[in-house]
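Residue-level structural notes
Given next are the chains, with one letter for each unit.
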Amino acid sequence: MTYLNNAEFNLLPPASQLSNHKPRVLILYGSLRAQSYSKKTALEAKNILTHMGADVKIFNPTGLPMFDNGQSVADEKVQELRELVNWSEAQVWCSPELHGNMSAVMKNQIDWIPLSLGAVRPTQGKVLAVMQVSGGSQSFNAVNNMRILGRWMRMLTIPNQSSIAKAMNEFNPDGTMKASNFRNRVVDVMEELMRFTYLTRDNKQFLVDRYSERQTEQQAMINNSKGLADVLEPAIPSKPAAKAGCC
């Protein structure tokens, strides 16, 4: 392990002043239907989180263009989504399960969230909770695939999750959830999301500080300093050629 002899590892969290503002939570849901159960679940989650003291915003995916590798990046819905992602400290993703996966509406929103915007990584180190609704028996395909996306987006996905089976039977006429184990599980997930947010939001940079990235930055600084030295180093005047001595 000699290659680590000169490496520094700061493994204890720094003493930092705790934030005193409400945890900022963004909720995404994966349907455009007027009677969307993923939207109803998102609204239930918002009410729970608000009761627990969070500042919650829900993004409406209606009008968001299909992801086109950035050609529509100036669209107001794309800009709204990205601003909300930057604003958030934690997120909740709730999707219906369609063909054994999350919906296209859900995936489209995530595709519009970049891994980096200049020097800012909008999702890195932020807490994530995943939930799904199903029209049939309970399944976990959508939440499992959203977990993969959460890891890819460098988010801290909490262990707990919610999967609501036969969702059409689980809501009151006013859109709120009926008392059930499914509702209890949604409360569990929101409670855990809040705890992880409080634990990590002030140490986000510490948690995602990586050895490999520090090595890359250090090498870039070395390369830049060498290049600067080449520019600033004065040219050494060449010595005049010596004349041949006389016979």
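The preceding data block contains the structure.
Read on for a plain summary of the structure. (Residues numbered from 1 in each chain as written. Predicted model: local features only at pLDDT ≥ 70, side-chain atom pairs only at ≥ 80, totals over all residues. Heavy atoms only, no water.)

Details of the packing of aromatic side chains
Inspection of every chain in the model, using the stated rule, returns three aromatic pairs. Relative to Trp 112, the ring of Phe 67 lies with its centre 5.0 Å away and its plane at 80°, an arrangement referred to as edge-to-face. Of this pair, Phe 67 sits in the loop between β2 (55–59) and α2 (76–87) while Trp 112 is found in the loop between α3 (104–111) and β5 (127–133), placing the two residues 45 residues apart along the sequence. For Trp 112, a relative accessible area of 0% translates into the label buried. (Phe/Tyr/Trp six-rings, centres within 6.5 Å; stacked < 30°, edge-to-face > 60°. Helix = DSSP H or I, 4+ residues; strand = E, 2+ residues; numbered from the N terminus. Buried < 20%, exposed > 50% of the residue type's maximum accessible area, 1.4 Å probe, protein only.)

Things to note about the packing of helix α1 (residues 37–51) against helix α5 (residues 181–200)
For the pair α1 and α5, interaxial distance at closest approach is 10 Å and the crossing angle is 50°. With respect to α5, the element α1 is oriented oblique. As α1 runs across α5, the sense of the crossing is right-handed. Of the residues in α5, those touching α1 at Glu 44, Ala 45, Ile 48 and Leu 49 are Arg 183, Val 186, Val 187, Met 190, Leu 193 and Met 194. Looking at side-chain class alone, the contact of α1 with α5 contains eight nonpolar, no polar and two charged residues. (Axes fitted to C-alpha atoms, helices over the stretch in contact; angles between N-to-C directions. Parallel < 35°, antiparallel > 145°, perpendicular 65-115°, else oblique. Left-handed = near helix turned anticlockwise from the far one by under 90°. Contact = heavy atoms within 4.5 Å. Nonpolar A, V, L, I, M, F, W, Y, C, P; charged D, E, K, R; others polar.)

So, unusual backbone geometry
The bulk of non-glycine residues show a negative phi, and the bulk of peptide bonds are trans. Located in the positive-phi region is Asn 69, a residue other than glycine, with phi close to 60°. Tracing the chain through its elements places Asn 69 in the loop between β2 and α2.

Some details on the pattern of salt bridges
Note on pairing: side chains with opposite charge can pair once their charged atoms come close. Under the defined criterion, the tally for this structure stands at nine salt bridges. A salt bridge links Arg 24 to Glu 89; its shortest N-O distance comes to 3.8 Å. One end of the pair, Arg 24, is in strand β1 (residues 24–29); the other, Glu 89, is in the loop between α2 and β3 (90–98), and 65 residues separate them in sequence. We classify Glu 89 as buried; its relative accessible area is 13%. Between Asp 111 and Lys 107 there is a salt bridge whose closest N-O contact spans 2.7 Å. Of the two residues, Asp 111 and Lys 107 both sit in helix α3, four residues apart, roughly one turn of that helix. (Salt bridge = Lys/Arg side-chain N within 4 Å of Asp/Glu carboxyl O.)

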